[in-house]
Amino acid sequence: MLNCAGRSVDLSRPAIMGVINTTPDSFSDGGTLYRGEQLDLDLALARAADMVARGAAILDIGGESTRPGAAPVTVAREMQRVLPLVERVSAELDVVVSVDTSSPEVITAAAGAGAGLINDVRALSRPGALDAAAATGLPICLMHMLGQPDDMQAAPQYDDVVTEVEEFLLQRVAACEAVGIARESLLLDPGFGFGKTVAHNLLLLRGLPRLADLGLPLLVGLSRKSMIGKLLGREVDQRLPASLALAVMAVERGAAIIRTHDVGATADAVAMWVAMQEVGES
Ligand code: 7PM
């Protein structure tokens, strides 16, 4: 069980995290929650409720696009986008709200608004983020990224991608422990697509059992990622079958939480894996 501010996530079988994007420009579902210039809270809440009904245990709400080349977002704007939705979702739905942010101000404010988990693609590397996260007492997802969103896909290089991701994540775990964050409240994420070529992503997926062996729950996001586009030539709205295959491969290799844009389909795919695990002879 992962304890997320009064709500808990059962990690005895794989859990589903649904993505709710509040940015107007995200690559796969951008702008779909907007009415004109304005984020439509009722529409976002309806989307959230639908994901919960389809089996999401966690909803990941983000207000900063990490798309390669995306314009940086001010803290004020990120708060404006994310906080009202965090408040409403956590008050009105029985689900853990994760906030996808790197900024200490947003971490603090999100916890006050009812967030149950902090998801940071920068693994609390921004000044003040470690202390802000520690003060919330919330579980944290630490993700690996090589470089920064604007340059990470330029020419990523590793001698051994699995070992280097593992070493980075262990360093961030140590940094968290040094400010008093308990190991038990940490999740690890290899960061598929964040400073990785197609080959790096595939090697990481194959090597996932080694990361699972670190003993902390693994969160994995492969949904609709560009690796699928590059391997299969599929546009972003045609990547569901491959995303489901990748999700099942990830749980088979030890992923505890699957981050996805397509909750119902992913929940079904994972449920088939669970049924196969749990069947007994009779
Ligand atoms: C452009 C590129 C737009 C990548 C959106 C994305 C992850 C995440 C994202 C992940 C964790 C997307 C990503 N991906 N947080 N946030 N793990 N922990 O495809 O893989 O949604 S944003």
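Reading the values: rules and limits
- Residues numbered from 1 in each chain as written.
- Predicted model: local features only at pLDDT ≥ 70, side-chain atom pairs only at ≥ 80, totals over all residues.
- Heavy atoms only, no water.
- Axes fitted to C-alpha atoms, helices over the stretch in contact; angles between N-to-C directions.
- Helix = DSSP H or I, 4+ residues; strand = E, 2+ residues; numbered from the N terminus.
- Parallel < 35°, antiparallel > 145°, perpendicular 65-115°, else oblique.
- Left-handed = near helix turned anticlockwise from the far one by under 90°.
- Contact = heavy atoms within 4.5 Å.
- Nonpolar A, V, L, I, M, F, W, Y, C, P; charged D, E, K, R; others polar.
- Expected span 1.5 Å × (residues − 1).
- Buried < 20%, exposed > 50% of the residue type's maximum accessible area, 1.4 Å probe, protein only.

S.K.: Would you explain the packing of helix H2 (residues 75-92) against helix H3 (residues 104-112) in this entry?
M.R.: The relative placement of two packed helices is expressed as an angle between their axes plus a distance between the axes. Look at H2 against H3: their axes get within 10 Å of each other, and the N-to-C directions meet at 20°. With respect to their mutual orientation, H2 and H3 come out roughly parallel. In this structure, the crossing between H2 and H3 has a hand that is right-handed. Contacts between H2 and H3 involve Val75, Glu78, Met79, Leu83 and Val86 from the first element and Glu105, Val106, Ala109 and Ala110 from the second. Among the residues forming the contact of H2 with H3, the class breakdown is 7 nonpolar, no polar and 2 charged.

S.K.: How do you make sense of helix H10 (residues 263-278) when you look at a structure like this?
M.R.: Side chains of residues three or four places apart in an α-helix project in the same direction, reflecting 3.6 residues per turn. For H10, spanning 16 residues, the distance from its first C-alpha to its last is 22 Å, which sits close to the expected 22 Å at 1.5 Å a residue. Looking at H10, one finds that the buried residues are Val263, Gly264, Thr266, Ala267, Ala269, Val270, Trp273 and Val274. For H10, the secondary structure elements touched by its buried residues are strand S3 (15-21), helix H1 (41-53), helix H9 (240-252) and strand S12 (255-260).

S.K.: How do you make sense of the environment of Ala5 when you look at a structure like this?
M.R.: Its place among the elements puts Ala5 in the loop between strand S1 (2-4) and strand S2 (7-9). Residue classification places Ala5 among the exposed positions, given a relative accessible area of 51%. For Ala5 and Gly114, which are 109 residues apart along the polypeptide, the C-alpha to C-alpha distance reads 8.0 Å.

S.K.: What am I meant to see in the packing of helix H5 (residues 161-178) against helix H6 (residues 198-206) here?
M.R.: It is at 9 Å that the axes of H5 and H6 come closest, and there the two elements cross at 70°. As summarised for this structure, H5 and H6 are arranged roughly perpendicular, according to the angle between their axes. In contact with Val161, Val162 and Val165 of H5, H6 contributes His200, Leu203 and Leu204. The residue makeup of the contact of H5 with H6, split by class, is 5 nonpolar, 1 polar and no charged.

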